[in-house]
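Residue strings, one per chain:
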Amino acid sequence: MKETSLQCLLILISLLSCTTHQARLTVSPSSSQFFIRDFVSLSCEEDDSSAGWTLRRNTSKQQRTQCGDGWGKPAGSSCDINVFPLDSGVYWCESREGPISNMVNLTVTGGSVILQSPVLPVMEGDDVTLLCRTKTTPSNLPAAFYKDGSLIRKQPTGHMTIQHVSRSDEGLYKCDISGHGESPSSWITVTGEHTTTPPPTSTPPPTSTPPPDFSCVPLSLFSLVLTVSVISSVCVLVLLVLLVLLVRRQVQRKTENFKPEPDVVYSSLK
Ligand SMILES: *[C@@H]1O[C@H](CO)[C@@H](O)[C@H](O)[C@H]1NC(C)=O
Ligand SMILES: *[C@@H]1O[C@H](CO)[C@@H](O)[C@H](O)[C@H]1NC(C)=O
């Protein structure tokens, strides 16, 4: 009897903990490109502070090294880096249990121009502003912006806003400031999370809905609440079924010795 209760409890706990193993990697300042010696702080933001997330990275030289292990300075839940070109690479947060966060690509240039583009995926329908800047001069010089190798726009002030981004805006962007040089290229990823109505007929049928995963794309509050409540309801249901089975078995075995479940405190209801 006690063992079975314990099993119920363990099942409940493990189901509930599904919702807590979520982390999000954020980059401050929010950019995917940096100049040499820029100060960058990377944070693993988590729902459950006891989960123990580690920031890791792959660069061209080393794979899966963690913050403090030859690079970066751990500072609480963040990792601070004064970046150099060899810090270019893909970064992510990882917990001991396995789940990983979103990944971000950071590029550090020894050149004199960077493109400041969103480091996290952007939502379909949002406006996105790209900034082309030099390290020293004011950040409003005329700049040319390229997507997948082709010139898309020349802007007199170095800013370019893409309104209502769609999947077709996804691609490899770079910019150029005449007399200063060209920036490295960065990917801009567009996700469809904001869409509430089914997309036009060109996309595959409903089966294309991504499966629930524990990678850590930013959840809107609504979907977070929805997820938590769905999982909680499943937990409660499972627990109820187990309890019913347990009580039935107990009643069958020793009817005369039947003991009720541990006392529930009713006083709080009054
Ligand atoms: C990092 O490198 C490891 C080992 O080469 C590889 O298995 C893994 O897929 C890489 N991760 C990313 C995010 O590129
Ligand atoms: C990182 O960059 C590589 C190559 O430039 C690209 O294939 C990959 O999709 C990027 N990953 C992210 C998370 O942006």
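Note: the structure precedes this text.
All values reported here derive from a predicted model rather than from experimental measurement. (Residues numbered from 1 in each chain as written. Chains lettered and ligands numbered in written order. Predicted model: local features only at pLDDT ≥ 70, side-chain atom pairs only at ≥ 80, totals over all residues. Heavy atoms only, no water.)

Enquirer: Would you take a moment to explain the overall build of the protein chain for this structure?
Expert: Looking only at helices and strands, the protein chain features two helices and 19 strands. Counting all 270 residues of the protein chain, 30% fall into the buried class. Residue pairs in contact within the protein chain that sit at least 24 positions apart in sequence constitute 61% of those at least 6 positions apart. Taken as a whole, the protein chain presents about 16700 Å² of accessible surface, with 59% of it coming from carbon and sulfur. (Helix = DSSP H or I, 4+ residues; strand = E, 2+ residues; numbered from the N terminus. Buried < 20%, exposed > 50% of the residue type's maximum accessible area, 1.4 Å probe, protein only. Contact = heavy atoms within 4.5 Å. Areas by Shrake-Rupley, 256 points an atom, 1.4 Å probe, with all protein chains shown as cover.)

Enquirer: Sorry if this is basic, but what is going on with the site of ligand 2 here?
Expert: The full set of residues close to ligand 2 is Met103, Asn105 and Trp187. A distance of 2.2 Å is found between an oxygen atom of ligand 2 and a side-chain nitrogen or oxygen belonging to Asn105. When ligand 2 is considered free in solution it has 360 Å² of accessible area, and contact with the protein chains removes 42% of it. (Near = heavy atom within 4 Å. Polar contact = N/O pair within 3.5 Å; in protein donor to acceptor, adjacent residues only side chain to side chain.)

Enquirer: Would you mind showing me how to read the site of ligand 1 here?
Expert: Looking at ligand 1, the residues that line it are Asn58, Gln63, Val90, Trp92 and Met103. A distance of 2.3 Å is found between an oxygen atom of ligand 1 and a side-chain nitrogen or oxygen belonging to Asn58. Within the complex, the protein chains bury 45% of what would otherwise be the 360 Å² of accessible surface of ligand 1. The class makeup of the residues in the shell around ligand 1 is three nonpolar, two polar and no charged. (Nonpolar A, V, L, I, M, F, W, Y, C, P; charged D, E, K, R; others polar.)

Enquirer: Mind showing me how you'd approach the sheet that holds strand E12 (residues 128–134) here?
Expert: Two modes of strand pairing occur in sheets, parallel and antiparallel, and in both the strands are linked by backbone hydrogen bonds. Here three strands make up an open sheet; going across it, the order is E10-E12-E15 and the pairing antiparallel. Both outer strands of the open sheet, strand E10 (113–116) and strand E15 (159–162), are each paired with one neighbouring strand and no more. In this sheet, neighbouring strand axes are inclined to one another by 15° on average, regardless of whether the strands run parallel or antiparallel. Bridge analysis of E10 against E12 gives four bridges, and the strand direction is antiparallel. Residue pairing for E12: Val113 is matched across the bridge by Thr134. (Pairing = 2+ DSSP bridges. Axes fitted to C-alpha atoms, helices over the stretch in contact; angles between N-to-C directions.)

Enquirer: What is the right way to read unusual backbone geometry from this model?
Expert: A negative phi holds for most residues other than glycine; trans holds for most peptide bonds. Of note, the amide linkage connecting Ser28 to Pro29 takes the cis form, showing an omega dihedral of -5°. Tracing the backbone through its elements, the reader meets Pro29 in the loop between strand E1 (23–28) and strand E2 (33–35). A positive phi angle, near 55°, is found at Arg64, a position not held by glycine. Within the secondary structure layout, Arg64 lies in the loop between strand E4 (53–59) and strand E5 (65–66).

The values are spatial; any link to function lies outside them.
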